[in-house]
Structure formats: C-alpha cells, structure tokens
Amino acid sequence: MCNSHQAALTLRSTSPQRPKSEFPTKLYAILELADKIPEVAEAITWLPHGRAFAIRNKDTFMKEVVPLFFNQTQIRSFNRQLHLWGFHR
C-alpha cells in the first residue's frame, strides 16, 4: 500500500485551500481507491447494490486510510462528518 500512500499524500499536500465541500469528494476518492487496492477494500467498500458503503474494519480504516485524506483520528469524528453531510445508517 506504499504507492497509494505516496499518491494520496501528494494530492493532499498540493491542495492550497480546502473548501468545506471537500468531504464528499474525499469520501468518494477513498471508495474509488478501495476498488483498486485490496488492502483499502478490507477497510471500506461499496455494498453490492452500489448505493451505500460499509466500513468493514474500523481500526484499519482509521489508522491506514483516513490519514491519507483527513486530519481526523477518531471514528466518532468521521461519523459526525457523515451525519453533517446527510449520510444515514
């Protein structure tokens, strides 16, 4: 997963300002990454019908995937962002 870390870190470091609407875009990027990298898919994946996603391994998701895109360190913070953007269980 080293190459994906480098690519994501490059994307993260080159964005000068982060608009607030970036959360859904980053979430989608994470899910797209899961389609390409099995290690990410073990942490988060689309559900079979394609209208929702599931976090399959919270620890891996928060330690390996989220830091590539967000500054959050707790699953509760990530869940709060989901709810603020209108995502439902």
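First, a word on what this report is: a plain description of the structure on this page.

Conventions we followed
- Residue positions are given per chain, counted from 1 along the sequence in the order it is written.
- Residue-level local features of this predicted model are given only where pLDDT is at least 70; pairs of side-chain atoms are given and counted only at 80 or more, and the full residue set underlies all totals for whole chains, interfaces and linings.
- Note: side-chain values were computed over all heavy atoms of the structure, leaving out hydrogens and water.
- Only residues whose relative accessible area exceeds 30% and that form no salt bridge are eligible for patches; like-charged ones are grouped when within 9 Å, while nonpolar side chains (Val, Leu, Ile, Met, Phe, Trp, Tyr) are grouped when within 5 Å.
- Values of accessible area rely on a 1.4 Å probe in the Shrake-Rupley scheme; residue burial ignores everything except the protein chains shown.
- Between Lys or Arg on one side and Asp or Glu on the other, a salt bridge is scored when a side-chain nitrogen of the former is within 4 Å of a carboxyl oxygen of the latter.
- Only DSSP runs of H or I with at least four residues qualify as helices, and only runs of E with at least two residues qualify as strands; both kinds are numbered from the N terminus onward.
- Nonpolar core, defined: a set of buried Ala, Val, Leu, Ile, Met, Phe, Trp, Tyr and Cys residues in which side-chain atoms within 4.5 Å join the residues together.
- The cut-offs for exposure are 20% and 50% of the maximum accessible area for each residue type, with area from a 1.4 Å probe on protein chains only; residues under the lower value are buried, those over the upper are exposed, and the others partly exposed.
- One fewer than the residue count of a helix, multiplied by 1.5 Å, yields its expected span.

## Notes on a nonpolar patch on the surface
And step 1. A contiguous nonpolar surface patch, about 310 Å² in accessible area, is contributed by Leu84, Trp85 and Phe87.
And step 2. Mapping Phe87 onto the fold places it in the segment after α5 (75-84).

## Quick look at the nonpolar core
And step 1. Core analysis: the largest hydrophobic core is formed by 21 residues, its most contacted members being Leu27, Ile30, Val40, Ile44, Phe61, Phe70 and Phe78.
And step 2. The set of elements that each furnish at least two residues to this core consists of α2 (22-36), α3 (38-41), α4 (58-69) and α5.

## Observations concerning the pattern of salt bridges
And step 1. A complete count under the given rule lists one salt bridge for this structure.
And step 2. Measuring nitrogen to oxygen at the nearest pair gives 3.1 Å for the salt bridge that ties Lys26 to Glu22. Here Glu22 and Lys26 lie together in helix α2, a separation of four residues that amounts to about one turn.
And step 3. In this structure Glu22 comes out as buried when scored by relative accessible area, which is 18%.

## Brief notes about α2
And step 1. Helix length check: α2, at 15 residues, gives a terminal C-alpha distance of 21 Å against a target of 21 Å (1.5 Å per residue), a fit within 8%.
And step 2. Listed in full, the buried residues belonging to α2 are Glu22, Phe23, Lys26, Leu27, Ile30, Leu31, Leu33 and Ala34.

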